[in-house]
Each structure stands twice: as structure tokens, then as C-alpha cells.
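Here is what each chain is made of, one letter per residue.
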Amino acid sequence: MGLLHGLPNTIVVQAFKHLPWLASRWAKRHQFVEGREIPWTPVRKPVAESVIALVTTAGVHLTSQEPFDMEDPDGDPSFRAIPSEARKEDLTITHKYYDHSAADRDINVVLPLDRIRELLAEKRIGGIAPFAYGFMGHIHGPHLKTLTERTAPEVARRLKEDRAEAVILTPA
Amino acid sequence: MGLVQRAIEAEGIPTVGISILKEVTQKVRPPRSVFLRYPFGHPLGEAFNVGQQRTILRDALAGLETITAPGTILEPGYPWRKHHFDRAISTRREGTAHAPLL
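Being a predicted model, the structure only gives us computed values, none of them experimental.

Thresholds, definitions, all that
Residues numbered from 1 in each chain as written. Chains lettered and ligands numbered in written order. Predicted model: local features only at pLDDT ≥ 70, side-chain atom pairs only at ≥ 80, totals over all residues. Helix = DSSP H or I, 4+ residues; strand = E, 2+ residues; numbered from the N terminus. Rg over C-alpha atoms; globule rule 2.2 N^0.38 Å. Buried ≥ 20, exposed ≤ 12 C-beta atoms within 10 Å, placed from the backbone. Contact = placed C-beta atoms within 7 Å. Pairing = 2+ DSSP bridges. Nonpolar A, V, L, I, M, F, W, Y, C, P; charged D, E, K, R; others polar. pLDDT = per-residue confidence, 0-100.

Participant: Describe in detail the overall build of chain A, supporting the description with residues and values.
Facilitator: Scanning chain A from N- to C-terminus turns up five helices and seven strands. In summary, chain A has a C-alpha radius of gyration of 17 Å against a globular reference of 16 Å for 172 residues, a match within 12%. Taken over the C-alpha atoms alone, chain A extends approximately 50 × 40 × 30 Å along its principal axes.

Set out below in C-alpha cells:
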């Protein structure tokens, strides 16, 4: 993010939202944990018969849960379990690294709980897993290790316990 | 997001991720993705645009069944703004699968 170094966070956030080339430039230069072999689990049954779970890295959590840590510049690698029947007034977003004004008005922009319920009512999916999981997707430095070695595998195990048969992930 | 997706897939659950930054997705290499050229904070499009959100979610679900090559990124190419999106989508039959582009 060298080009914008030193600018207030709110300006950086708007710049990244409105200038796609800036995000591309950042993505090309930034060092990611790059994948080599791609994990693969074949889809064994039709989506219309499968229990679907949602996972988001847009910083969504219940208002009653502890917010993500906004003080640590490396982010917060923890997660929040969100009951799938949660209503929009029960949900909030803690994430200062993107403009979530649209998602604040309509949470379905980042966590489509209403839409997935509609698809269930129309029998286009077989079920909804009991929990969605919320991460805050701005994780750097030592927290990347915590995410890849601890919290992401823990959510994966929980999704298994929840009997999720397929997962849709949404970013910020 | 891709790192979480990879962890879930590795645990034995099929996953599909919505991507709004293709460069990141190409580096992190999650198993299945649907890419949209949308601004940060809008993976399912605009607030209260139910049709747009539905279409994107259904495309992601369809990707679970149609993607057979690990690392595939589907690109439905939907326009960002509502009026453009609605026009584009009305010319396509709902539920049409898109050819993988990677």
C-alpha cells in the first residue's frame, strides 16, 4: 500500500473502493500466502439436496459478540459463530479496512442470509447449516499463521460438526 | 478469504468463493471461485438489489456442480450498476451456467 502510506485510513478505504486499478496494483505487489496444490473435495450430491453454510471475511458478527480487534494493525484472526436464523438487527460489522456502508444497510451484500433462506424455501438447496462463520479479512504478519494453522481449520471442523455439505464464502 | 476456503475444502467440504479481486484469487488459489468486477464491500452487488444478490448466489451454487478443475474462476461478467445489471440479466435465461474461463 506504499502509494498511500501515511494517508488517513478512511481515505485509503475510499480510494480502494473507487479506484479498481489501485486494488489490482496492491494485489500484484502484496505478498500473499500463495497456494500451490489446490485442495479439492468432489461434490457428491446435488446442491438441491445439500446443507449449505455461509462463511464471510467481511467482519460480520452478532451485536452481542465481542467486536474484532481494530487496534492491532495486523488484524484479528479470530472468528465468530453466527446462528443462521440471526435477524439483521442482531448483526453488525466491525471492519475499518473497507467501506461497509452498503452492507450496514443491507447485510445481504456480504452475508446473504435472507437470500439463502429464500433458496431453501424454493427447494433450490437442501438445508442451511446452523451457523455461519464471520472472520475479519485483513490479516497480516504473525496472525496469518494463527489463521491458517488454528482458526481456519477450527471453523472447518465446526462446519463438519454442523453437517455442512457445501460452503459459500464471501469477502469484504 | 481464500485461505479460509482452502482450509474448509481440505477438511472435506466442497467450497465456492466469491471473488472481487482476481489477482488475489489467482495467487491464493482456492478450489472454486466466481469473480465479479465489483467494488470492495459489495461481493453480492448493491444493497437491496435482491435480483442481483440472488443471481450471484445461484451462480456460486451452480459453480459447485459445474466446476470440475481445481482453481477454476468463473466470470459471469455482470455489470456493476443496477440498471445495467437488470438489462444484462434480462437477456439471459435465469440459471444458465457460464463456461469456466481459467
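After that view of the structure, there is still more to cover.
Participant: Report on the overall build of chain B, specifying residues and quantitative values.
Facilitator: Helices and strands together make up the secondary structure of chain B, namely four helices and three strands. When the helices and strands of chain B are listed from N to C terminus, the series reads α-β-α-β-α-β-α. Residue burial in chain B is summarised as follows: out of 102 residues, 54% are buried. Intrachain contacts of chain B at a sequence separation of at least 6 include 54% that bridge at least 24 residues.

Participant: Any chance you could break down the pairing of strand β7 (residues 166-170) of chain A for me, citing the residues and the numbers?
Facilitator: By the criterion of burial, β7 of chain A is predominantly enclosed, with five of the five residues buried. Going residue by residue along β7 of chain A, you find A166, I168 and T170 of chain A tucked away on one face and V167 and L169 of chain A tucked away on the opposite face as well. As judged from the five bridges shared by strand β1 (residues 51-56) of chain A and β7 of chain A, these two strands associate in the parallel manner. Across the sheet, residue V55 of chain A finds its bridge partner in β7 of chain A, namely L169 of chain A. Examined bridge by bridge, β7 of chain A and strand β1 (residues 15-19) of chain B share three bridges and lie parallel to one another. Bridge pairing links V167 of chain A to T15 of chain B in β1 of chain B.

Participant: How would you sum up the interface of chain B and chain A? Please name residues and give values.
Facilitator: Counting from both sides, the interface comprises 45 residues of chain B and, opposite them, 55 residues of chain A. Those elements giving two or more residues to the side of chain B that touches chain A turn out to be α1 (2-10), β1, α2 (22-28) and α3 (50-66) of chain B. Per element, the largest residue contribution to the side of chain B that touches chain A is eight residues, and it comes from α1 of chain B. Of the residues contributing to the side of chain B that touches chain A, the split by class is 26 nonpolar, 10 polar and nine charged.

Participant: Give me the lowdown on the confidence of the model for chain B, citing residues and values where you can.
Facilitator: Confidence in the prediction of chain B, expressed as mean pLDDT, is 88, and 88% of residues score 70 or more. Across the interfaces of the predicted complex, the ipTM metric reaches 0.88, alongside a pTM of 0.88.

Participant: If you had to explain the environment of F40 of chain B to someone new, which residues and values would you point to?
Facilitator: Relative to the assigned elements, F40 of chain B resides in the loop between β2 (32-35) and α3. In this structure the C-alpha to C-alpha distance between F40 of chain B and S19 of chain B, which are 21 residues apart in sequence, comes to 9.9 Å. For F40 of chain B, the residues in contact, after removing those within four places along its chain, are F16, K17, A23, Y98, D99 and A172 of chain A together with I20 of chain B.

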